[in-house]
Amino acid sequence: MRAWPLVATTLLVAFPGCRSLDPITRPDTEINEHADLDATESYADATGDHTDHADLSDPRTDDGGKDAIDAKETGVDLGPDTQGVAVPRSCDIVFQYKADGPVASVTVPGEWNSWSESAHPMSDADEDGTWTVTLDAGSIAPGHWGYKFLVNGTDWIFDPGNPLVKYVGDDFTVNSRVEVPDCAIPLLELESAHTDWAEKSVEVVVNVFTGIDAQPLDQQGGLYVEYRGEQLDGDWFDPALQRFVVKMGGLAQGKHSFVFHATNAKGQANPLFVPLWLEEKTFEWEDAVLYFAMTDRFMDGDPSNNAPAPCLQEGHKVNWLGGDFSGIEQKIEDGYFDNLGVSAIWISPANDNPDGCYGGDLGLNYTAYHGYFPVSLEETESRFGSLEDLRDMVDSAHDHGIRVLMDLASNHVHEESGLWTVHKDWFHQELILCGQDDNWNEHPIDCWFQPYLPDLDFRNIDAVIAFTDAAIRWARKADLDGFRVDAVKHMVHDFSRTLRYRVERELEASGVPFYLVGETFVGEWGGGFGDAEGTIKAYVSSNELTGQFDFPIYWEVLKTFARDEGGMDELGEAMAGSLGFYGPNAVMSNFLGNHDVPRFISHATGHIPDQWGNGSKEMGWNDPPDLPQSQAPFDRLKQAFAFLMTVPGVPLIYYGDEIGMPGAGDPDNRRMMQFDGLTGRQVSVRETVGALATIRAGHPATRKGEFEVLWSDDDGLAYGVSFSGDALVAVFNVVAGRDVSFSIADVPGMPQSGSLADAITGEDVMVDAGQVSVFVEQLAFRILVP
Ligand SMILES: [Ca+2]
Ligand SMILES: [Ca+2]
Ligand SMILES: [Ca+2]
Ligand SMILES: [Ca+2]
């Protein structure tokens, strides 16, 4: 279990109210020398169209707790002294083409040059096969422009180094896309960012450039720094060096995020977000244990913001039930998540949603309690709280070492949104309902979920920019750590690729990874060749999502552990096949339930007719399942959690599953969370989840290990995971208690003789010549460690 000291109080005492920080170190020579390290190399690419962002030192090669993050090189060599005069930014755009054969010419026809086939000829003077041309972006109007490379005067190709596209013209011709920035406004660039765990200090240096017209920066309030959402007192800008230097010491463990601002007469620079974590051990997303606290259904921390819709009775299961940001915050401060071993919380979309009731499944009326009917890109839902309430909750999470992901719902808006009124051209015009005919499959991108949910047409670049702007703004203002991206396969790739592109440049400058985990609801694992895993994989790459929820593994978990329908051997095969399938850097998330499927424990009692939940929505209204009265469904739930917690992939806990909350289909699977009056069996599941999370935290093999099936049959499975000397074996049995034997000789890090310890009970299990024989009760699991 994570046992972070409570630091919120400390922060308040040390930095009351205005967050005027003490001790403060003013800019000094030592820091400036430090900051100058990279300033001699020039980097001329005003578009940020490059991949060499912050170089985070390897957290595993600990240099005395000092994590140095040296950001990308600056646009212009500032030199040691600017004589106090604002330095104009560079505004060059570099196009580059790496030829894989003989090439005679490369040009860049684009919208801004009316597709001139002779525009911007590239050259390869050093004949190394890389052709380049540099454009002065100041000569092109700011905007998002389509272009292609024309090779040898005949081949029109996409820019192979650019994942972004633009759909041009009435026929939506797809081209590469470049952003030409407004070069008249200032530019902020991170020079360096350091954290020092031993010193409990952070240090950030940010270079400030003015626009290409060399207008002076606004030093009367236009140059300032925000820290944890509030403006920092004091003057942090050094005019001599034209840079911000912020150094703060005596900080508490947790996240310390800054936003830098600069202005000149032409406008404001895009704010620079610099998140930093002060932690003993550097966090990686594959280490996370994720918890979905559906905001309306988790905890009502502030009854004053409750506003049930009058169109349904109060307390109705699809009315607003009162949950809010402050409820989640209370549970964070109570240590609820710490005790469960949770290190990341996923919350509902925070966007304002409409107040009424709207027709949906089964011809019934529903409110927008789930948050998936956004009417605003900026405002928070008042029933959840204000932006400040959200920020307070996130800060509290950070003080506990817990990350926060917001659900990002971008596929559609609710018709009450002003966007639908003002920007009709941002939406798919034809009302094709997803639920009619075979439109889920035939029209996945342009179908509408409901007649009142206009579907975004992200072939429109203005819509892409507006929605990714909003995403970046939410992340910066609420200091988020990631997004759960809703309805991924119902939007063109350019949306999720633009999101990644901007996240990398606008949220990850300091090297702290921002998690993008997508939802793509698909069917069963197809052996590595199926549509299900193929569809998920299509969105996972370094240019797009970090990972997705692993639906194919979910179906195997459901069939075996809950429903006793699938072979455990097939679960083992699917897991072995899916690890690595989504790419070496993918961070997938495994789960045993979410808000779109019937509750695991109600599957486990046999209430739900089939794995797909057919008929389960009706059941939720007519015959909702109760808490099981027997032990077996709870044991099955524990087995499934033991599986999730011992294999790579971020385990997701859907609120309530940790106490075996029952429920049929949506919305019966979204009952109000229960904290009190739990039965012994419910408490036992919750304690088991906490214990499993502790084991996971102590064994990197569970998070990043090689997975190997050691033994399996229809009703049982044993596997090993191993990583860098660490190893763990998990054994599962569904049928009557039996001895299970297998070899651990091929699992690196496992002893060939002696004994293993059961990580739950501490009991010794003998190893003889690499062989293990262990008794496993019915519906039980064993976790064995050296
Ligand atoms: Ca060259
Ligand atoms: Ca409330
Ligand atoms: Ca509202
Ligand atoms: Ca869509």
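This one's a predicted model, so the numbers in the text were calculated from it and none came from an experiment.

Engineer: Is there a simple way to think about the pattern of salt bridges in this case?
Structural biologist: A side chain of one charge can pair with a side chain of the opposite charge if their charged atoms are brought near each other. Overall, the coordinates contain 39 salt bridges when judged by the stated rule. In this structure, D287 and R703 form a salt bridge, with 2.9 Å as the shortest nitrogen-oxygen distance. On the criterion of sequence distance, the pair formed by D287 in the loop between β22 (272–278) and β23 (290–293) and R703 in helix α18 (residues 701–704) is long-range, its members being 416 residues apart. Here the two residues D287 and R703 agree in accessibility, since each one is buried. The partner of D296 in a salt bridge is R297, and the shortest N-O contact between them spans 2.8 Å. Overall, R297 belongs to the buried group, its relative accessible area being 0%. Bridged by salt links that share partners, the residues K255, R391, D395, D479 and D481 form one connected network.

Engineer: Just to check I follow, could you spell out the pairing of strand β39 (residues 771–776) for this structure?
Structural biologist: Two faces make up the sheet, and in a regular strand the side chains alternate between them. Burial of β39 is one-sided: the residues V772, V774 and V776 facing one way are buried, the residues Q771, S773 and F775 facing the other way are not. Here 6 bridges tie strand β36 (residues 738–743) to β39, and the two strands are oriented antiparallel to one another. Opposite V740, over in β39, you have V774 as the bridge partner. In terms of strand pairing, strand β38 (residues 764–768) meets β39 through 2 bridges, oriented antiparallel. Among the inter-strand pairings, V767 is bridged to a residue of β39, identified as V772.

Engineer: Got a minute to help me understand the coordination of the calcium ion (ligand 2) in this structure?
Structural biologist: Put simply, a metal with four donors set out as a tetrahedron has ideal angles of 109.5 degrees, and one with six donors set out as an octahedron has ideal angles of 90 or 180 degrees. Bound to the calcium ion (ligand 2) are the protein donor atoms D300 (OD), D302 (O), N305 (OD1), N306 (OD1), G322 (O) and D324 (OD), situated 2.2 to 2.6 Å from the metal. Viewed at the metal, the 6 donor atoms of the calcium ion (ligand 2) are separated by angles of 62 to 172°, and the geometry they form is irregular. In the primary structure, the donors to the calcium ion (ligand 2) are separated according to the pattern D-x1-D-x2-N-N-x15-G-x1-D. Highlighted residues: N305 in the loop between α3 (295–298) and α4 (325–334) and D324 in the loop between α3 and α4, separated in sequence by 19 residues. The two residues N305 and D324 agree in class, both being buried.

Engineer: What should I look at first to understand the nonpolar core in this one?
Structural biologist: The tendency in soluble globular proteins is for nonpolar side chains to be buried side by side. Y291, F298, F483 and F643 are the most contacted members of the largest nonpolar core, which has 154 residues in total. Counting residues per element, this core draws most heavily on helix α9 (residues 461–478), which supplies 12 residues. In this view, F483 contacts L405, M406, L408, A471, A475, L499, F514, Y515, L516 and V517; residues no more than four positions away in its chain are not counted. Judged by nonpolar contacts, the second largest core, of 29 residues, contains L223, Y227, L232 and L276.

Engineer: Can you walk me through helix α17 (residues 680–698) in this structure?
Structural biologist: Since there are 3.6 residues in each turn of an α-helix, residues three or four apart along the chain are aligned in direction. Between the first and last C-alpha of α17 there are 27 Å, a value that for 19 residues agrees with the 27 Å anticipated at 1.5 Å per step. All buried positions along α17 are accounted for by Q682, V685, T688, V689, G690, L692, A693, I695 and R696. Here the buried face of α17 lies against α5 (336–340), α16 (632–644), β32 (650–654), α18, β35 (726–733) and β40 (780–785).

Engineer: Looking at this structure, how should I read the sheet that holds β39?
Structural biologist: Each strand in a sheet pairs with its neighbour through backbone hydrogen bonds, running either in the same direction (parallel) or in the opposite one (antiparallel). Sheet architecture is open: 8 strands sit in the order β33-β34-β35-β40-β37-β38-β39-β36, paired in antiparallel fashion. On the outer flanks of this sheet lie β33 (706–713) and β36, each paired with one strand and no other. On average, each strand axis in the sheet is inclined to that of its neighbour by 25°, with strand direction left out of account. Note that strand β34 (residues 716–723) and β35 share 8 bridges and pair antiparallel. Each residue of the ladder has a partner; that of Y719, found in β35, is A730.

What counts, and at which threshold
Residues numbered from 1 in each chain as written. Chains lettered and ligands numbered in written order. Predicted model: local features only at pLDDT ≥ 70, side-chain atom pairs only at ≥ 80, totals over all residues. Heavy atoms only, no water. Salt bridge = Lys/Arg side-chain N within 4 Å of Asp/Glu carboxyl O. Helix = DSSP H or I, 4+ residues; strand = E, 2+ residues; numbered from the N terminus. Buried < 20%, exposed > 50% of the residue type's maximum accessible area, 1.4 Å probe, protein only. Pairing = 2+ DSSP bridges. Donors = N, O, S within 2.8 Å, 3.2 Å for Na, K, Ca; no water. Tetrahedral: all angles 85-135°; square planar, octahedral: opposite > 155°, others 65-115°. Core = buried A, V, L, I, M, F, W, Y, C linked by side-chain atoms within 4.5 Å. Contact = heavy atoms within 4.5 Å. Expected span 1.5 Å × (residues − 1). Axes fitted to C-alpha atoms, helices over the stretch in contact; angles between N-to-C directions.

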